[in-house]
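# Descriptive analysis of the structure
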Amino acid sequence: LRHIYRHADAIATYGPHVSAYVRSKNTGKPVVEAPQSVDDAFWSAAATPIRHADFQVMFAGRMEREKGLPVLLQAWRASGLQAPEVALIMVGDGPFRARAVATGATLAAGPLPSEKVRGLYAGSDVVVVPSVPTRDFLEPWGLVVNEAFDQGVAVIATTAVGAAAGGLVRNEETGLVVPPHDAQALARAIRRLHDDPTLRTRLGAAGREAVRTGHSHADWAAGMSRALAAVGASRRREGCC
């Protein structure tokens, strides 16, 4: 990777945290950001909410240790929230699915079509992205954040999540950010959003605005165009579109 950095004519990254890392390698080459994006038209479209409790927390992703599943399940128990008034909905598959099924107030839905996932976002009060760093993994971004924000849902993420390190999830502004591996901090954040619907609404609205104004497919395309232009490879000409 260092060899590629040294010999590239320009480098496109997906966030300021990655740009800072690349610049620390003293490549001297142009570094351009092309922010992570999802299909906003699809994920922001009106959806029939799928709700299983008065207060619903959602996880979507691979049910692996690196995704923070053990921490999330411990935090859920520590939150003191009880069924049937609350539910933790887990969308995805992996080795921790069986353990999730055995946890009270948890519905391990398994892999679902995108339309149903969108409905679960619409029916949820909070989306949790509890990823943890491991020896060979660090959450690059977490596109579920973009998807949740498109539906105006509040997000709790760890500092190990790229969307937090890259500034999309900003603590107390567009979401809540907690340390990885800290089940008690995650439990407090979940409980706080349970107890404060006004805060949930404010964070969800701010997240929706943030993803619309800096993380669209158009923003990604513009970043890649700047990277191509930096090496003289862009076909764009003045007066053209």
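Structure first, text after, so check above.
The text that follows walks through the structure, step by step, so that each part is easy to find.

What follows covers the packing of helix α9 (residues 183–195) against helix α10 (residues 197–212). The N-to-C vectors of α9 and α10 enclose an angle of 100°; their axes lie 5 Å apart at closest approach. By the angle between their directions, the pair α9 and α10 is classed as roughly perpendicular. In contact with R192, L193, H194 and D195 of α9, α10 contributes P197, L199, R200 and L203. Residue composition of the contact of α9 with α10, by class: 4 nonpolar, 1 polar and 3 charged.

Moving on to the environment of E115. Within the secondary structure, E115 sits in helix α6 (residues 114–123). Sequence separation between E115 and T159 is 44 residues, and the spatial gap between their C-alpha atoms is 29 Å.

Before going further, it helps to examine the sheet that holds strand β3 (residues 55–60). Strand order in the open sheet formed by 6 strands is β5-β4-β3-β6-β7-β8, and the pairing between neighbours is parallel. Strand pairing shows two members of the sheet lacking a second neighbour, β5 (106–108) and β8 (176–178), which therefore form its edges. Within the sheet, the average angular offset between the axes of one strand and its neighbour, ignoring direction, is 20°. In terms of strand pairing, β3 meets strand β4 (residues 86–91) through 6 bridges, oriented parallel. Paired with V57 across the two strands is L88, which belongs to β4. The sheet contacts of α9 involve β3, β4, β6 (126–129), β7 (154–158) and β8, and relative to β8 the element is tilted by about 165°.

Moving on, we get to the side chain of S79. Within the secondary structure, S79 sits in the loop between α4 (69–78) and β4. Beyond its immediate chain neighbours, meaning those up to four positions away, S79 contacts A187 and R191.

Below, the discussion takes up α6. Within α6, burial applies to V117, R118, G119, L120, Y121 and G123. In the core, the buried residues of α6 are packed alongside α3 (40–43), β3, β4, β6 and α7 (143–150).

One finds V57, L72, M90, I156, L186, I190 and L193 to be the most contacted residues of the largest nonpolar core, which totals 33 residues. Put simply, the parts of the chain that give this core at least two residues each are β3, α4, β4, β6, β7, β8, α9 and α10. Here this core gets 7 residues from one element, more than from any other, and that element is α9. Judged by nonpolar contacts, the second largest core, of 29 residues, contains W43, A53, A87 and W141.

Our focus in this paragraph is the pairing of β3. Most of β3 is tucked away, with 6 of its 6 residues classed as buried. Because side chains alternate across β3, one face comprises the buried residues F55, V57 and F59, and the other comprises Q56, M58 and A60, equally buried. Taken together, β3, α4 and β4 form a β-α-β motif whose crossover is right-handed. Bridge analysis of β3 against β6 gives 2 bridges, and the strand direction is parallel. Each residue of the ladder has a partner; that of V57, found in β6, is V126.

Further remarks concern the environment of A221. As for its placement among the helices and strands, A221 is situated in helix α11 (residues 217–230). Using a relative accessible area of 33% as the deciding quantity, one classes A221 as partly exposed. For the pair A221 and A165, spaced 56 residues apart in sequence, the C-alpha to C-alpha distance is 21 Å.

On to the pattern of salt bridges. Evaluation of the coordinates by the stated rule reveals 7 salt bridges. The partner of R62 in a salt bridge is E66, with the nearest N and O atoms 2.9 Å apart. Between D195 and R191 there is a salt bridge; the shortest N-O distance is 3.4 Å. Here the residue D195 and the residue R191 both occupy positions in helix α9, the gap between them amounting to 4 residues, near one helical turn. Since its relative accessible area comes to 48%, D195 is described here as partly exposed. With relative accessibility at 32%, the residue R191 sits in the partly exposed group. Beyond isolated ion pairs, a larger network of salt bridges with shared partners links R51, D125 and R200.

The rules behind these values
- Residues numbered from 1 in each chain as written.
- Predicted model: local features only at pLDDT ≥ 70, side-chain atom pairs only at ≥ 80, totals over all residues.
- Heavy atoms only, no water.
- Axes fitted to C-alpha atoms, helices over the stretch in contact; angles between N-to-C directions.
- Helix = DSSP H or I, 4+ residues; strand = E, 2+ residues; numbered from the N terminus.
- Parallel < 35°, antiparallel > 145°, perpendicular 65-115°, else oblique.
- Contact = heavy atoms within 4.5 Å.
- Nonpolar A, V, L, I, M, F, W, Y, C, P; charged D, E, K, R; others polar.
- Pairing = 2+ DSSP bridges.
- Buried < 20%, exposed > 50% of the residue type's maximum accessible area, 1.4 Å probe, protein only.
- Core = buried A, V, L, I, M, F, W, Y, C linked by side-chain atoms within 4.5 Å.
- Right-handed = clockwise from strand over helix to strand, strands pointing away.
- Salt bridge = Lys/Arg side-chain N within 4 Å of Asp/Glu carboxyl O.

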